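# Summary of the model geometry
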There are 2 protein chains.
Amino acid sequence: MAKKDRVHPTEDFNHKERREREKAAVKAATLKASRDLARQLGWPNVSIRKIAKEIQYTPPVIYQHFKNKEAILMELEIQGFAKLKRELQTVAEKGGDPIPKLLNLTGAAWDWAFKESDLYQVMFNLDSIHAASPDPRSLSDSASVVLDTLKEIHLFDSEVDEYLFTWWALLHGYISLIMSGQVSGKRSKMRQFLLEAVERFAKSI
Amino acid sequence: MAKKDRVHPTEDFNHKERREREKAAVKAATLKASRDLARQLGWPNVSIRKIAKEIQYTPPVIYQHFKNKEAILMELEIQGFAKLKRELQTVAEKGGDPIPKLLNLTGAAWDWAFKESDLYQVMFNLDSIHAASPDPRSLSDSASVVLDTLKEIHLFDSEVDEYLFTWWALLHGYISLIMSGQVSGKRSKMRQFLLEAVERFAKSI
DNA sequence: TGATACACCTAACACCGTTAGAAAATAACC
DNA sequence: GGTTATTTTCTAACGGTGTTAGGTGTATCA
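About the criteria used
Residue numbers run consecutively from 1 along every chain, following the written order of its sequence. Whichever chain is written first is A, and whichever ligand is written first is 1; the rest continue in order. Reporting of local features is limited, given that this is a predicted model, to residues whose pLDDT is at least 70; pairs of side-chain atoms are given and counted only at 80 or more, and all residues count toward the totals for whole chains, interfaces and linings. Secondary structure elements follow DSSP: runs of H or I no shorter than four residues count as helices, runs of E no shorter than two count as strands, and numbering proceeds from the N terminus. Our exposure labels follow a C-beta count within 10 Å of each residue's own C-beta, placed from the backbone: buried means 20 or more other C-beta atoms, exposed means 12 or fewer, and partly exposed covers the counts in between. Throughout, a residue-residue contact means that the two C-beta atoms, derived from backbone geometry, are no farther apart than 7 Å. Near, as applied to residues and a molecule or strand, means the residue's backbone-placed C-beta atom lies within 6 Å of it. In this classification, the charged set is Asp, Glu, Lys and Arg, the nonpolar set is Ala, Val, Leu, Ile, Met, Phe, Trp, Tyr, Cys and Pro, and all remaining amino acids, among them Gly, are polar. The predictor attaches a confidence to each residue, called pLDDT, with possible values from 0 through 100. By definition, a nonpolar core groups buried Ala, Val, Leu, Ile, Met, Phe, Trp, Tyr and Cys residues that are joined through C-beta atoms within 7 Å. The length a helix should cover is 1.5 Å for every residue beyond the first. Working definition: the arc comes from the directions between the helix axis and the C-beta atoms, pointing outward to the latter.

## Describing the overall build of chain A
On a plain count of helices and strands, chain A comes out with 10 helices and 0 strands. Starting at the N terminus and ending at the C terminus, chain A contains elements arranged as α-α-α-α-α-α-α-α-α-α. For chain A, buried positions account for 34% of its 205 residues. For chain A, long-range pairs separated by at least 24 residues make up 67% of all intrachain contacts whose partners lie at least 6 apart in sequence.

In structure tokens, the structure reads:
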């Protein structure tokens, strides 16, 4: 009893802590293995059994860390939106005039989507899987710096939501049409098209 | 031999023809059952076995009409693009000034996407499934009337491809963000946003 | 009628997500 | 240290998936 209430477990082993560290390690390994397999085989071919083999455990172990397969994807989706948000924030911190800034943000989002395409596919349910819908707030949250930039361009708050949505649609429309093989053009050319479209859009508001 | 070369099989039974008719009927029933199940259960829950049960055959029968499950989806995808094309052509035939016409086309495409959402999901791989990519030409082909309308607005052919792609990206971006639950707003409001974005885009070129 | 072609079904394979329950390993206690 | 209790991990299974091989019956033809 007294042992359990100890606050400062410095000098004697605290097994609980180590256990929790190990548990977290298995969870992290699961997430990493999922992404590795997705990049290698594509999301439709990622299975619990393959993930388990990759982390050298049997399948049921995964269910001690995740409720089901969907929960793994959800976790990665959250990580993805957080990463994208950081990426955009880094760009926004460089400052500058709003329209060039918006173009920089667009280019950064584009580059990120193709660099971490496995995450992007999970976030936007592009390559299949995924029954449940994500929290709509994660999208708008990760684009908060874009919202700020749009506010710098135009001040009527009531319309800013609309502009943000149009910006998302342009970006995601371009990316998903290319990622799903719906369009054949060179990627760098498409990136240029997108930037021009966003610029024209920004100048028209 | 002589019988086979007969050109006018009017007055005696031609079993081959009946057989082919029956074959085509099974194929059509398969496609219909797939769509029915998709509307009812969502694409991820559509299986060969369920389709077979729906058309009152055993699963292997389906493989006499389709190479595999993917081939069923491919067929529906082609049908979808053809239907969308007809829908857009009907609107384009009404004529009018190019910018209002473009807005009418956009609205028609939007309405069609949500009316035949099961087809739209197959065409753009929105709800999962689908390993193979579609033929990129089917997209541009079904939007040929939009291309014509854009040409009426602006004449530099080299840029028209870019404008067409931007139009697609706007449209598909809006639709897919909404269909995948990424955004929560009212659908009619979103439709209005899209139309305003397209109008701003058309006026800026 | 007998031979042939065809449509259809049964049964199976290998995989999937998921869960119940046994086995093994670890921690806690005397 | 030896014994109990707890926690971690595994084996095995259930019901589902796409797909295929091989047998069965029926309809067409000579």
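Next, the rest of the story.
## Re the protein's contact with DNA strand C
In the vicinity of DNA strand C there are 16 residues, among which S47, I48, N68 and K69 of chain A together with T58 of chain B approach most closely. Elements with a minimum of two residues in the surface near DNA strand C: α2 (48-54) and α3 (59-62) of chain A together with α1 (15-41) and α3 (59-62) of chain B. Sort the elements by how many residues they give to the surface near DNA strand C and α2 of chain A lands first, with 3 residues. Residues belonging to the surface near DNA strand C are distributed by class as follows: 7 nonpolar, 4 polar and 5 charged.

## A few points about the confidence of the model for chain A
Residues and elements named next belong to chain A. Residue-level pLDDT values for chain A average 78, and 80% of them are 70 or greater. At the low end of the mean pLDDT range in chain A sits helix α7 (residues 136-142), at 64; at the high end sits α2, at 97. In the predicted structure, residues 1-13 sits below a pLDDT of 50 and forms 1 contact with residues beyond four places in sequence or in another chain.

## Quick word on the nonpolar core
In this structure, L170, L171 and Y174 of chain A together with L170, L171 and Y174 of chain B are the most contacted members of the largest nonpolar core, which totals 77 residues. The contact partners of L170 of chain B, leaving out residues within four places of it in the chain, are A169, L170 and G173 of chain A together with L194, A197, V198 and F201 of chain B.

## Some words on the protein's contact with DNA strand D
Looking at DNA strand D, there are 16 residues lining it, with T58 of chain A together with S47, I48, N68 and K69 of chain B nearest. Elements with a minimum of two residues in the surface near DNA strand D: α3 of chain A together with α2 (48-54) and α3 of chain B. Broken down by element, the residue count for the surface near DNA strand D peaks at 3 residues, all from α2 of chain B.

## Quick notes on the environment of A109 of chain B
Residue and element names in this part refer to chain B. Relative to the helices and strands, A109 is located in helix α5 (residues 98-115). Overall, the presence of 23 C-beta atoms within 10 Å leaves A109 in the buried class. Spatially, the C-alpha atoms of A109 and K53 are 34 Å apart, while their sequence positions differ by 56 residues. Residue contacts for A109: discarding those within four places in its chain leaves L84, L88 and L171.

## Brief notes about unusual backbone geometry
In the Ramachandran plot, Q56 of chain A falls in the positive-phi region, its phi being about 65° despite a non-glycine side chain. Mapped onto the elements of the fold, Q56 of chain A is located in the loop between α2 and α3.

## Comments concerning the environment of L177 of chain B
Take L177 of chain B: it is sitting in helix α9 (residues 157-179). Look at L177 of chain B and you get buried, because 22 C-beta atoms sit within 10 Å. Between the C-alpha atoms of L177 of chain B and L126 of chain B, which are 51 residues apart in sequence, the distance is 9.9 Å. Ignoring any residue separated from it by four or fewer positions in sequence, one finds L177 of chain B in contact with W168, A169 and H172 of chain A together with Q182 and V183 of chain B.

## What to know about helix α10 (residues 187-203) of chain A
Along an α-helix, a turn takes 3.6 residues, which lines up residues three or four apart on a common side. Residue and element names in this part refer to chain A. An ideal rise of 1.5 Å per residue puts 24 Å on 17 residues; α10 measures up with 24 Å between its terminal C-alpha atoms. Buried residues of α10: M190, L194, A197, V198, F201 and A202, and no others. Along α10, the residues classed as buried sweep out an arc of 130° about the axis, all on the same side. Away from the buried face of α10 by more than 90 degrees, exposed residues S188, K189 and K203 are located.

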